[in-house]
Each structure stands twice: as C-alpha cells, then as structure tokens.
Amino acid sequence: MTTETNQQDMAGLAGAAAAMIAGSAKNLGQLHGAPVDFRILTIADSDLQLPEASQEGVHLSVEFDGALTGDSWLVLASEDAKDIVRMMTQGMEVSEDDLLGELGMSALSEAMNQLMAGAATALSDGLGERIDISPPTISDSPTQHEPSDNVVVVTYEGEIAGSASTKVLWQIDSGLAASLGTRWLAATAPPTPAAPAV
C-alpha cells in the first residue's frame with residue numbers, strides 16, 4: 001500500500017486492529033479467569049514473502065463474512081502456540097509432545113475461536129454493522145499466496161496468564177485490509193461541524 005489513500009486505510013486498519021485485539025483479550029481473559037493483554041507491535045505490507053517468524057509454526061485460516069468479506073490467517077510460532085495450549089489445558093496432564101499434537105491443536109483452535117469471537121464483537125460494535133468471522137481452521141503448511149496477491153501483516157505481542165512474550169501474526173488479504181481500514185475511519189471519524197447560520 002503506497003498511495004495516500006492506502007496510507008489512510010492503514011491508519012484505519014490500525015484503529016480496527018487495536019479494537020479487535022482488545023476485545024479478543026478481554027473475551028479470552030474473562031472466560032478463563034486469566035490475565036490476557038495484547039498490543040500491536042507492527043503493521044506492514046508483505047508482498048509474497050511471509051515474515052521469517054511465520055515460516056514455521058501453526059497457521060490458521062480465518063474468513064470474514066457479513067459487512068466485510070475476505071480471507072486472513074493467524075500465524076503463531078510453535079513455542080507461542082504451546083504457551084496458549086498450556087493456558088487452555090491448566091489442570092490437565094499434557095505431555096510436551098501433546099502440546100502440538102491432536103489435544104493441543106484442539107485446545108489452540110478453541111482459544112483462537114474465542115479470540116476471534118471477541119474481535120468480531122468489537123469490530124461489529126465499532127462499525128455499527130454485523131461482522132461474522134469464521135472459527136479459525138488449522139492448516140498443515142505455511143500459508144501460500146498467488147504471485148499477484150499481497151497481504152498486510154499485523155504483529156501482536158502480549159502476555160497470556162503471565163507467560164513470556166507471545167506473538168501472533170495476523171495476515172490479511174490486502175483487499176480486506178483496505179476495506180476494513182476505510183470503513184473504520186468512516187465509522188469513527190468525528191462528526192462534521194454544522195455550517196454556521198447566515
């Protein structure tokens with residue numbers, strides 16, 4: 001995104017992404033009685049090449065529907081995914097191998113589902129429109145994009161239940177990112193002052 005308009009879209013996307021992760025953290029924290037705090041670390045374009053941190057780890061597909069439509073992906077490094085699984089399975093005996101096994105992936109999917117449910121609510125509230133976000137679906141391999149595609153990458157960093165720094169990459173189809181940014185700016189812009197009476 002290089003034009004002035006697209007720079008504005010990126011500013012709007014930053015506002016939307018901040019509201020979404022705040023809603024996500026609140027939802028997950030309330031459900032599990034554990035402190036969850038996330039913040040935006042970076043927002044940047046990514047043409048074809050995925051960030052180095054996303055080459056390995058866990059990839060989840062997330063689709064938007066309703067007032068906004070498009071594809072996005074959540075990407076977590078293996079150790080960050082394990083931190084989330086540990087929170088989700090507190091009180092259970094889970095071996096190190098099982099953290100990224102079938103049990104761990106089920107727990108991670110549920111955590112990401114709760115995160116995106118909170119994000120959808122925050123986004124719907126901010127835009128004043130219904131936004132549906134599909135339950136995240138785990139992919140077996142890194143996300144692949146066609147040569148003509150671009151994605152915008154939002155990097156979140158935070159703490160879950162007192163864990164060490166956890167990062168989550170949100171990769172967004174550029175069309176969805178632009179639409180989200182534009183809509184967020186329009187929905188949250190201060191009202192235009194009325195013209196003085198003559």
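Bear in mind the structure is a predicted one, so any value in this text is a computation, not a measurement.

Enquirer: Explanation requested: the overall build of the chain in the structure shown.
Expert: The secondary structure content of the chain amounts to 4 helices and 7 strands. Listed N to C, the secondary structure of the chain is α-β-β-β-α-α-β-β-β-β-α in terms of helices and strands. Within the span of the chain, comprising 198 residues, buried residues form 43% of the whole. Within the chain, contacts between residues at least 6 apart in sequence are counted, and of these 70% link residues at least 24 apart. A total accessible area of about 10,100 Å² is found for the chain, and carbon and sulfur atoms account for 49% of it.

Enquirer: I keep staring at the nonpolar core and nothing clicks. Help me out?
Expert: The tendency in soluble globular proteins is for nonpolar side chains to be buried side by side. Counting residues in hydrophobic clusters, the biggest one holds 48 residues, and the most contacted among them are F64, M112, L123, I133, W170 and L180. With 11 residues, the top contributor of residues to this core is helix α3 (residues 102-127). Contacts of L123, omitting those with residues within four sequence positions, involve A16, M20, F64, L68, I131, L180 and W184. Counting residues in hydrophobic clusters, the runner-up holds 5 residues, among them V75, V151, V153 and L169.

Enquirer: Any chance you could explain the packing of aromatic side chains here in plain terms?
Expert: Any aromatic ring pair is given by two values, namely how distant the centres are and how the planes are angled relative to each other. Counting across every chain of the model gives 1 aromatic pair. Seen in terms of ring centroids, F64 and W170 are 6.2 Å apart; in terms of plane orientation they differ by 25 degrees. Their pairing is stacked. With F64 in strand β2 (residues 58-66) and W170 in strand β7 (residues 166-173), this pair connects stretches of sequence that are 106 residues apart. Across this residue pair, the class does not change: F64 and W170 are buried.

Enquirer: Please explain helix α2 (residues 78-88) as it appears in this structure.
Expert: Helical geometry note: an α-helix holds 3.6 residues per turn, so side chains three or four residues apart project in the same direction. Along α2, 8 of the 11 residues are buried, which leaves the element largely enclosed by surrounding structure. Within α2, the full set of buried residues consists of D80, A81, K82, D83, I84, V85, M87 and M88.

Enquirer: Please explain the confidence of the model for the chain as it appears in this structure.
Expert: Where the model shows low pLDDT, its predicted coordinates should not be examined in detail. Overall, the predicted model of the chain reaches an average pLDDT of 81, with 81% of residues at or above 70. Looking over the chain, one finds the lowest element-wise mean pLDDT in strand β1 (residues 36-46), namely 83, and the highest in helix α4 (residues 174-188), namely 92. Low pLDDT, under 50, characterises residues 1-5; the stretch is placed with 8 contacts to residues that sit more than four places away or in other chains. Segment residues 47-54: pLDDT under 50, and 17 contacts once partners within four positions in sequence are set aside and those in other chains are kept.

Definitions and cut-offs
Residues numbered from 1 in each chain as written. Predicted model: local features only at pLDDT ≥ 70, side-chain atom pairs only at ≥ 80, totals over all residues. Heavy atoms only, no water. Helix = DSSP H or I, 4+ residues; strand = E, 2+ residues; numbered from the N terminus. Buried < 20%, exposed > 50% of the residue type's maximum accessible area, 1.4 Å probe, protein only. Contact = heavy atoms within 4.5 Å. Areas by Shrake-Rupley, 256 points an atom, 1.4 Å probe, with all protein chains shown as cover. Core = buried A, V, L, I, M, F, W, Y, C linked by side-chain atoms within 4.5 Å. Phe/Tyr/Trp six-rings, centres within 6.5 Å; stacked < 30°, edge-to-face > 60°. pLDDT = per-residue confidence, 0-100.

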